[in-house]
Amino acid sequence: MVLSVFAVVSGLAILGWSAGLFVDGASLTARYLGMPPLLIGMVIVGFGTSAPEMLVSALSAIQGSPGIALGNAYGSNIVNIALILGVTALVAPVAVHSRILRSELPVLAAVTALAAWQLHDRELSRTDAGVLLAVFGVLVVWSVLQALRHRSDSLGSEMEGELEARPLGPGPAILRLVAGLALLIASCRLLVWGAVEIARTLGLSDLVIGLTIVAIGTSLPELASSIAAIRKNEPDIAFGNVLGSNLFNTLAVAGIAGVIQPGAISPDLYERDILTMGALTISLFLFGYGFRGPGRINRFEGGALLGAYIAYTAWLLHGVIEQLK
């Protein structure tokens, strides 16, 4: 048990650091290859910040722990909206100026509705997973076209400032990319092993472990980058981190897990977690879209989101206590 806890703690620590290294390396390498800053912010950073979730879910599914895989995907979405945006908005209100981010909000709502519809029969089939990955592919192409069409978007301006603030040559950028990816893979393997062993030792479902320890751990890059962005007065980057990560998680992360390990899901996953994710996604749409101007998550709304996460965590813990009785 001690070794398992050490594996989880050290895995999370290395994961949080290596994810930042990987995102920096990927972003700067893409810049040297001539990619527009807006496209880097929408696609490269989106892939980079969701890399921990993708790796953890793929490894969990391969090792026969689909609960950790799906719990990580949907739990990370809950963490992103309720915990990360809640805390970020308490630091400073999050204004959404980017037209592209506003246009992605209804897309996220539709994608969340698709995931809920697929799981209403309490099963994620390989066909369901294939549909998610196909939609993800279409969304990536759409994002590229949007980025090329709206080069003057505020998200692109904020991203360009971020890249200029990190002057590195091509060699060091590629080194960060490779080292970050290698450490990400190693830390994710360590985290998954430790999480599975803890679940087995305590007699907990791997779904609960995926929704809590793993989901929070793999969301650390989004938390760090969002708070850093809002302190630099870059609200679109802070909001875009969460929005992009949730799209990746719902489509790519869950899709990869379903292709590798399709099958029945826990009723709790649908009745508790998917519905919570859906309610939070609707609130994100209402807060961030801005029907009469730019969207904005103020401190009161941030506090409400954080309160929702505390209530959800209490709900989870109640289930764990009942399970252990």
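Since the model is a prediction, treat every value here as computed from it, not as a measurement.

Criteria and thresholds
- Residues numbered from 1 in each chain as written.
- Predicted model: local features only at pLDDT ≥ 70, side-chain atom pairs only at ≥ 80, totals over all residues.
- Heavy atoms only, no water.
- Helix = DSSP H or I, 4+ residues; strand = E, 2+ residues; numbered from the N terminus.
- Rg over C-alpha atoms; globule rule 2.2 N^0.38 Å.
- Contact = heavy atoms within 4.5 Å.
- Areas by Shrake-Rupley, 256 points an atom, 1.4 Å probe, with all protein chains shown as cover.
- Lys, Arg positive; Asp, Glu negative; His and termini not counted.
- Charge placed at Lys NZ, Arg CZ, Asp CG, Glu CD.
- Phe/Tyr/Trp six-rings, centres within 6.5 Å; stacked < 30°, edge-to-face > 60°.
- Buried < 20%, exposed > 50% of the residue type's maximum accessible area, 1.4 Å probe, protein only.
- Core = buried A, V, L, I, M, F, W, Y, C linked by side-chain atoms within 4.5 Å.
- Patch = residues over 30% accessible without salt bridge, like charges linked within 9 Å, V, L, I, M, F, W, Y side chains within 5 Å.
- Salt bridge = Lys/Arg side-chain N within 4 Å of Asp/Glu carboxyl O.
- pLDDT = per-residue confidence, 0-100.
- Axes fitted to C-alpha atoms, helices over the stretch in contact; angles between N-to-C directions.
- Parallel < 35°, antiparallel > 145°, perpendicular 65-115°, else oblique.
- Left-handed = near helix turned anticlockwise from the far one by under 90°.
- Expected span 1.5 Å × (residues − 1).
- Bend = angle between axes of the 7 residues up to and from the residue.

Asker: In this structure, what is going on with the overall build of the protein chain? I would like to understand it.
Answerer: Regarding its fold elements, the protein chain presents twelve helices and four strands. Taken over C-alpha atoms, the radius of gyration comes to 19 Å for the protein chain, in line with the 20 Å a tight globule of 325 residues would show. Seen through its principal axes, the protein chain has C-alpha atoms that stretch 55 × 45 × 40 Å. Taking contacts inside the protein chain between residues at least 6 apart in sequence as the whole, the part at least 24 apart equals 88%. Roughly 13200 Å² of accessible area belongs to the protein chain as shown, and the carbon and sulfur atoms make up 69% of that amount. Separation of charge centres in the protein chain, based on 18 positive and 21 negative side chains, amounts to 5 Å.

Asker: It is not clear to me how the packing of aromatic side chains should be interpreted in this structure. Could you clarify?
Answerer: Two aromatic rings, taken as a pair, are described by how far apart their centres are and by the angle between their planes. Under the defined criterion, the tally for this structure stands at two aromatic pairs. Each ring, one from Phe-136 and one from Phe-248, has its centre 5.1 Å from the other, and the planes form 70°; the classification is edge-to-face. Here the residue Phe-136 occupies a position in helix 5 (residues 126-149), and Phe-248 occupies one in helix 10 (residues 235-260), the gap between them amounting to 112 residues. With centroids separated by 6.4 Å and ring planes inclined at 45°, the aromatic side chains of Tyr-309 and Tyr-312 adopt a geometry described as tilted. Taken together, the residues Tyr-309 and Tyr-312, both in helix 12 (residues 299-324) and three residues apart, mark about one turn of the helix. In this pair, the class of Tyr-309 matches that of Tyr-312, namely buried.

Asker: Would you explain the environment of Gln-323 in this entry?
Answerer: Relative to the helices and strands, Gln-323 is located in helix 12. It is 8.5 Å that separates the C-alpha atoms of Gln-323 and Gly-203, two residues lying 120 residues apart in sequence. If near-sequence neighbours (up to four positions away) are discounted, Gln-323 is found in contact with Gly-203, Leu-204 and Ser-205.

Asker: How do you make sense of the nonpolar core when you look at a structure like this?
Answerer: One finds Leu-70, Tyr-74, Phe-239, Ile-274, Leu-284 and Ile-297 to be the most contacted residues of the largest nonpolar core, which totals 56 residues. Per-element tally for this core: the top contributor is helix 3 (residues 66-91), with twelve residues. Beyond its immediate sequence surroundings of up to four residues, Tyr-74 is in contact with Ala-115, Leu-119, Ala-254, Leu-269, Ile-274 and Met-277. Counting residues in hydrophobic clusters, the runner-up holds 22 residues, among them Val-8, Leu-12, Phe-22 and Ile-198.

Asker: Mind showing me how you'd approach a nonpolar patch on the surface here?
Answerer: Together, Met-1, Val-5, Val-9 and Leu-202 give the surface a local cluster of nonpolar side chains, amounting to about 340 Å² of exposed area. If you trace the backbone, Leu-202 turns up in helix 7 (residues 170-202).

Asker: Hey, could you run me through the confidence of the model for the protein chain in this one?
Answerer: Detailed reading of the predicted coordinates is not advisable wherever pLDDT is low. Per-residue confidence for the protein chain averages 83 on the pLDDT scale, and 93% of its residues sit at or above 70. When pLDDT is averaged over each helix and strand of the protein chain, the minimum, 69, is found for helix 6 (residues 154-164) and the maximum, 92, for strand 2 (residues 123-124).

Asker: Looking at this model, I keep getting lost on unusual backbone geometry. Mind explaining?
Answerer: Both trends apply: most residues other than glycine have a negative phi, and most peptide bonds are in trans. In the Ramachandran plot, Arg-122 falls in the positive-phi region, its phi being about 60° despite a non-glycine side chain. Considering the arrangement of structural elements, one finds Arg-122 in the loop between helix 4 (99-118) and strand 2.

Asker: What am I meant to see in the packing of helix 4 against helix 10 here?
Answerer: When two helices pack together, their arrangement is given by the angle between the helix axes and by the axis-to-axis distance. Remark: helix 4 packs on helix 10, axes separated minimally by 10 Å, with the N-to-C direction vectors making an angle of 25°. Between helix 4 and helix 10, the crossing angle belongs to the class labelled roughly parallel. Crossing of helix 4 against helix 10: the hand is left-handed. Contacts between helix 4 and helix 10 involve Leu-101, Glu-104, Leu-105, Val-107, Leu-108, Val-111 and Ala-115 from the former and Asp-236, Phe-239, Gly-240, Leu-243, Asn-246, Leu-247, Thr-250 and Leu-251 from the latter.

Asker: What is the right way to read helix 11 (residues 267-289) from this model?
Answerer: Every α-helix carries 3.6 residues per turn, so stepping three or four residues along brings you back to the same face. When the terminal C-alpha atoms of helix 11 are compared, their 32 Å separation across 23 residues agrees well with the 33 Å that a helix rising 1.5 Å per residue should span. At Asp-273, helix 11 is deflected by roughly 25°, the largest bend along its length.

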